[in-house]
Amino acid sequence: MDARASERRKITQTASHWGAYKVETDLSTHEVLATRGVQFDPHPSPLQASLPEVVYDSLRIDQPYVREGYLRSRGASRAERGAQGFVPVSWDKALTLVCEALQETREQHGNEAIYGGSYGWASAGRLHHAPSVLKRFLALAGGYVDKVGNHSYGAAQGIMPYILGRADVNRLVVSWPEVVSHTRLLVLFGGAPLKNTQIDAGGAVKHENLDWYMKAAQAGIEVICISPQRSDVPAQVAPEWLPIRPNTDTALMLGLAHTLVSNGLHNQEFLARYCVGYPEFERYLLGQSDNTPKDATWASHITEVPAESIEQLARRMASTRTLINTSWSVQRADHGEQPVWMSIALACLLGQVGMPGGGFSFGFGAINGIALPYPAGIPRPKISLGHNPVTIKVPVGRVTDLLLRPGEQLAYNGQSIQLPKIELIYSAGGNPFHHNTNLNRFLQAWKQPATIIVHEPWWTPPARFADIVLPSTTTMERNDIGAAEHGKYWLAMHQVLPPYCQARNDFDIFSELAERLGFGFAYHQNRSEMQWLRYMYEEARQIAGERGFAPPPFAEFWSSGAYEFPLLDSAAQPTLLGDFRADPLIHPLHTSSGRIELVSEKIRSFDYDDCQPHPCWIEPAEWLGGEQAKRYPLHLLSNQPRNRLHSQLDQASLSRNGEISGREPIYLNPLDARRRGLLDGDVVRVFNDRGAFLAGVQISGELRPGVVSMATGAWYDPEMAGSVGSLEKHGNPNVVTLDKGTSRLAQCSVAQTCLVEVEKYNQPPSVTAFAWPPILQSDPS
Ligand SMILES: Nc1nc2c(c(=O)[nH]1)N[C@H]1C(S)=C(S)[C@@H](COP(=O)(O)OP(=O)(O)OC[C@H]3O[C@@H](n4cnc5c(=O)[nH]c(N)nc54)[C@H](O)[C@@H]3O)O[C@H]1N2
Ligand SMILES: Nc1nc2c(c(=O)[nH]1)N[C@H]1C(S)=C(S)[C@@H](COP(=O)(O)OP(=O)(O)OC[C@H]3O[C@@H](n4cnc5c(=O)[nH]c(N)nc54)[C@H](O)[C@@H]3O)O[C@H]1N2
Ligand SMILES: [Mo]
């Protein structure tokens, strides 16, 4: 390279949920020349190339736009949302419209008519995290209806306070070093797919889960993959595979528990000392309370795991140090509270809870850092969300009900929420056409409010279905700090490129709106971007100092690019519930009884038939053992995508190259494919009573018959834009997923509970997900 060419090149470190990486750019043309991982990451994610590839792509939104009908008259043409074209407007005009909509909504309907529960992963940086800066803004604007819970592990989060007296499900994890040193049998309900460990909210750093898996295999740990899909545990680990029917894990765990008890293999001393409610639970288990013993034969009919395998597994579990891990996916299903409660009950029967490498764990392998060693108590630099004067919070999976059933009561966690009437939705950093289930019903709901405002970098589905679209920058166009909840790094995210066309940072958009609405200073505190980063950093650094850490001053951190927190104690993290086991009187749990609750009197007082006072098997709303399977004989699992983060980066070549016939692949067992005359590469229609979408066939022996599987996140692309019930052309599984709550307790989403049929589809329409919406004449202003 000649000297002048190298002078023009700049290498900048940035970070994302999928890792820290360096980007090489041409200073004069702003062209991205190369990307590569950082030295301290042993296995950088291939996703890192995707954002630099699309950062300035043709789908970037260049300036503000307003839906044609909205520009004519707010609210009047709300049913046309998603069907109409957009008119380009100036920033001044767009922000004026936003302020008018906010003010009129507040005056006419109050702040309870504003939904700001905007859910989404947005970007890794802690300052420019779109849902956070949105909430800070809406709080100062008088408040907003918020969401409660999450899509990831919401059912577990809802029930855990009753079982263990805590809701931090993402901390109920036994870490890899402890597993490798102590566990002998690792039983993985839902597996622990390596592809999911590419990411971590706030920035994965070292991708080392494969190395730990290999260490576990070398240590001779036996690994069992209990999942409809064998690929949920890496093949290198050579796991045993029990191909369970989807949504029946609770029944399998009950069958294991029954075998333990009927053979006297349960640890009665543990149950008496550390648990409450065992005698009542045992009556249910043995069938004394309902005439149905939950024995291995009973469990085998429900799960299709042979009774002998269940009995053998129970004996193996009782004979050695066993860790039961249940993936988050298992609880993202109807009655998802039950497998969570039952995992803990099973571990209590084995009596190894609180022993190193034994007991239970959740979410192993869901995200990168969760089981990696990191010191406890690292604070994260953050921007305050402020105080929201509106107290209504609606479970995140129930947004469609919120919008379609104003005034009605929603039972939730022993309370009743009166659903308010929403007139304005403000959404930034999430994709509701990705995270919500039953998209046809959701689309009907999305057409109810008078105004929908969205910030997006690209013409994604949420942008196309908005009224006012404000173009935001991406993480590569701003400075920020990355910090994951499960990790030991703070990452400097240096600005790589100037903002695209008229795109602005979410924070700057809200700062200007706040100015216009009269609370500018309260919002931005007159700090520039770099002043905010320094402020957030120093605030977190002080807390870190109080906890015995010594991160360097801001300037040093910023120029070095990363700070790694040392493990304070050279011993590994404390064993989960180790102190409780050592002395349950000195270290009681925060439950009513101070112990692990196998029966909850609080839950009994709610009198819910869909979440009873002890863990139990309740048939899911639809499953392969139910009536509906006669019409829709395939269970659709929609898991996390290998080649993108949810719907993010779907337009990049990594994701596009993974498509089959231009659509999201759907995996079918050879038997199911043959029965339907399907071959690799065929386009199929996947359907049930809720809707239909097209996908590309990939035949795979890695999943059990009766189950089809595909990744979530293909950009929603209806054949008839904006029309409820339209065929979706690109492969978005949420067109057919069910939108009930897990139970009245957690009311969480049940994306993994869904039956469908699949048939060949000839002459499919072309995919238009990656095209612009129609753009009309320029704004006269
Ligand atoms: N069927 C099915 N559905 C599921 C799941 C499932 O297992 N099955 N899983 C669920 C789970 S666990 C989750 S967490 C959710 C995830 O759902 P989401 O978090 O909503 O999905 P993302 O695709 O990450 O949405 C992020 C959006 O923010 C935009 N964005 C990125 N950076 C910025 C920024 O800086 N500013 C602004 N304004 N926008 C930005 C992106 O373009 C994208 O549109 O999906 C849920 N949906
Ligand atoms: N690359 C990448 N990684 C990601 C994400 C991403 O978008 N891309 N998203 C992240 C997010 S937000 C989250 S919450 C986590 C989610 O982490 P998980 O919820 O653990 O991940 P999933 O991929 O949804 O599901 C894992 C596997 O569970 C199995 N499974 C589904 N239903 C059942 C069942 O009823 N019983 C049993 N035994 N198994 C079942 C499926 O075969 C599936 O492959 O992943 C994170 N990791
Ligand atoms: Mo998630």
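Residues numbered from 1 in each chain as written. Chains lettered and ligands numbered in written order. Predicted model: local features only at pLDDT ≥ 70, side-chain atom pairs only at ≥ 80, totals over all residues. Heavy atoms only, no water.

Structural notes on the overall build of the protein
Along the protein, the regular secondary structure elements total 27 helices and 29 strands. In terms of C-alpha radius of gyration, the protein reaches 26 Å, essentially the compact-globule figure of 28 Å for 781 residues. With the C-alpha coordinates of the protein rotated into their principal frame, the extents come out at 80 × 60 × 55 Å. Classification of the 781 residues of the protein by burial places 63% in the buried group. Once local pairs closer than 6 in sequence are excluded, the contacts in the protein between residues at least 24 apart make up 76%. Counting only carbon and sulfur atoms, one obtains 48% of the accessible surface of the protein, whose full area is about 27400 Å². Within the protein, one finds 70 positive and 80 negative side-chain charges whose respective centroids are separated by 0 Å. (Helix = DSSP H or I, 4+ residues; strand = E, 2+ residues; numbered from the N terminus. Rg over C-alpha atoms; globule rule 2.2 N^0.38 Å. Buried < 20%, exposed > 50% of the residue type's maximum accessible area, 1.4 Å probe, protein only. Contact = heavy atoms within 4.5 Å. Areas by Shrake-Rupley, 256 points an atom, 1.4 Å probe, with all protein chains shown as cover. Lys, Arg positive; Asp, Glu negative; His and termini not counted. Charge placed at Lys NZ, Arg CZ, Asp CG, Glu CD.)

Here we look at the site of ligand 2
In the vicinity of ligand 2 lie 31 residues, with Asp232, Asn247, Asp249, Ser329 and His646 positioned nearest. One of the side-chain N or O atoms of Ser329 is found 2.7 Å from an oxygen atom in ligand 2. Pro641 is positioned such that a nitrogen or oxygen atom in its backbone is 2.8 Å from a nitrogen atom of ligand 2. Burial of ligand 2 by the protein chains amounts to 99% of its free accessible area of 920 Å². Elements that contribute at least two residues to the shell around ligand 2 include exactly helix H14 (328-331) and strand S24 (634-639). Grouping the amino acids of the shell around ligand 2 by side-chain chemistry returns 14 nonpolar, 12 polar and 5 charged. Of the domains in this structure, domain 1 (169-368 + 583-606) and domain 2 (627-760) are the two that each give at least three residues to the shell around ligand 2. (Near = heavy atom within 4 Å. Polar contact = N/O pair within 3.5 Å; in protein donor to acceptor, adjacent residues only side chain to side chain. Nonpolar A, V, L, I, M, F, W, Y, C, P; charged D, E, K, R; others polar. Domains from an automatic or database assignment.)

Side note on the environment of Lys729
Within the secondary structure, Lys729 sits in the loop between strand S28 (707-711) and strand S29 (755-760). By relative accessible area, which is 5% here, Lys729 ends up buried. Ignoring sequence-local partners within four residues, the contact set of Lys729 consists of Arg663, Leu694, Asp717, Pro718, Glu719, Pro765, Ser766, Val767 and Thr768.

Observations regarding the pattern of salt bridges
Using the criterion set out here, one finds 45 salt bridges in the structure. Close ionic contact of Glu477 with Arg60 constitutes a salt bridge, the shortest N to O distance being 2.9 Å. Here Arg60 lies in the loop between helix H2 (50-54) and strand S4 (65-67) and Glu477 lies in the loop between strand S19 (468-471) and strand S20 (480-483), a separation of 417 residues in the sequence. By relative accessible area, which is 2% here, Glu477 ends up buried. Two residues, Arg405 and Asp401, come together in a salt bridge whose shortest N-O distance is 3.5 Å. Asp401 sits in the buried class, given a relative accessible area of 7%. Shared partners join several salt bridges into a network, and the residues in it are Arg398, Asp401, Arg405, Glu408, Arg441 and Asp739. (Salt bridge = Lys/Arg side-chain N within 4 Å of Asp/Glu carboxyl O.)

So, helix H20 (residues 506-517)
With 12 residues, H20 extends 16 Å from end C-alpha to end C-alpha; this agrees with the ideal 16 Å at 1.5 Å per step. Of all the residues in H20, the buried ones are Asp506, Phe507, Ile509, Phe510, Ser511, Leu513, Ala514 and Leu517. In the stretch just after H20, Gly518 is the one whose phi turns positive, near 90 degrees. (Expected span 1.5 Å × (residues − 1).)

Quick notes on the packing of helix H4 (residues 91-109) against H20
Packing of H4 against H20 brings their axes to within 10 Å, and their N-to-C directions diverge by 60 degrees. Put simply, H4 runs oblique to H20. In the packing of H4 onto H20, the handedness of the crossing is right-handed. Here Trp91, Asp92, Leu95, Thr96, Val98, Cys99, Leu102, Gln103 and Arg106 of H4 come into contact with H20, specifically with Ile509, Glu512, Leu513, Arg516 and Leu517. (Axes fitted to C-alpha atoms, helices over the stretch in contact; angles between N-to-C directions. Parallel < 35°, antiparallel > 145°, perpendicular 65-115°, else oblique. Left-handed = near helix turned anticlockwise from the far one by under 90°.)

Here's the deal with the sheet that holds strand S22 (residues 562-564)
Across a sheet, paired strands are connected by hydrogen bonds in the backbone, their directions being either parallel or antiparallel. Strand order in the open sheet formed by 3 strands is S20-S21-S22, and the pairing between neighbours is antiparallel. Sheet topology places S20 and S22 at the edges, where each strand pairs with a single neighbour. Recorded for the sheet is a direction-independent mean angle of 15 degrees between the axes of neighbouring strands. As judged from the 3 bridges shared by strand S21 (residues 489-493) and S22, these two strands associate in the antiparallel manner. Counted as the bridge partner of Tyr489 is Glu564 from S22. (Pairing = 2+ DSSP bridges.)

Describing the side chain of Asn734
As for its placement among the helices and strands, Asn734 is situated in the loop between S28 and S29. Looking at Asn734, the relative accessible area reads 4%, which means it is buried. One polar contact links the side chain of Asn734 to the main-chain carbonyl oxygen of Asn436, over a distance of 3.3 Å. A polar side-chain atom of Asn734 sits 2.8 Å from a polar atom in the side chain of Thr737. In this structure, Asn734 is in contact with His434, His435, Asn436, Thr437, Asn438 and Leu439, ignoring residues within four places of it in sequence.

A look at the site of ligand 1
Near ligand 1 there are 32 residues, and of these His435, Glu456, Arg478, Ser647 and Asn734 occur at the shortest range. Here Ser638 contributes a side-chain N or O atom positioned 2.9 Å from a nitrogen atom of ligand 1. Between His646 and ligand 1, the recorded distance is 3.0 Å, taken from a side-chain N or O atom to an oxygen atom. Burial of ligand 1 by the protein amounts to 98% of the accessible area it has alone, namely 920 Å². For the shell around ligand 1, the secondary structure elements donating two or more residues are helix H17 (432-435) and strand S18 (451-456). Residue classes in the shell around ligand 1 are distributed as 8 nonpolar, 20 polar and 4 charged.

Looking at the domain arrangement of the protein
Assigned domains of the protein: these are domain 1 (169-368 + 583-606) and domain 2 (627-760). Computed over C-alpha atoms, the centres of domain 1 and domain 2 are 28 Å apart. With 26 residues of domain 1 in contact, the opposing surface of domain 2 contributes 24 residues. With both chains or domains summed, domain 1 and domain 2 bury close to 2000 Å², and 51% of this area falls on carbon and sulfur atoms. Connecting domain 1 to domain 2 are 3 salt bridges. (Buried area = accessible area lost by both parts, 1.4 Å probe.)

Side note on the packing of helix H6 (residues 154-163) against helix H15 (residues 337-350)
At a minimum axis distance of 8 Å, the contact between H6 and H15 shows a crossing angle of 45 degrees. With respect to their mutual orientation, H6 and H15 come out oblique. For the crossing formed where H6 meets H15, the hand is right-handed. Contacts between H6 and H15 involve Ala155, Ala156, Ile159, Met160 and Ile163 from the former and Glu337, Val340, Trp341 and Ile344 from the latter.

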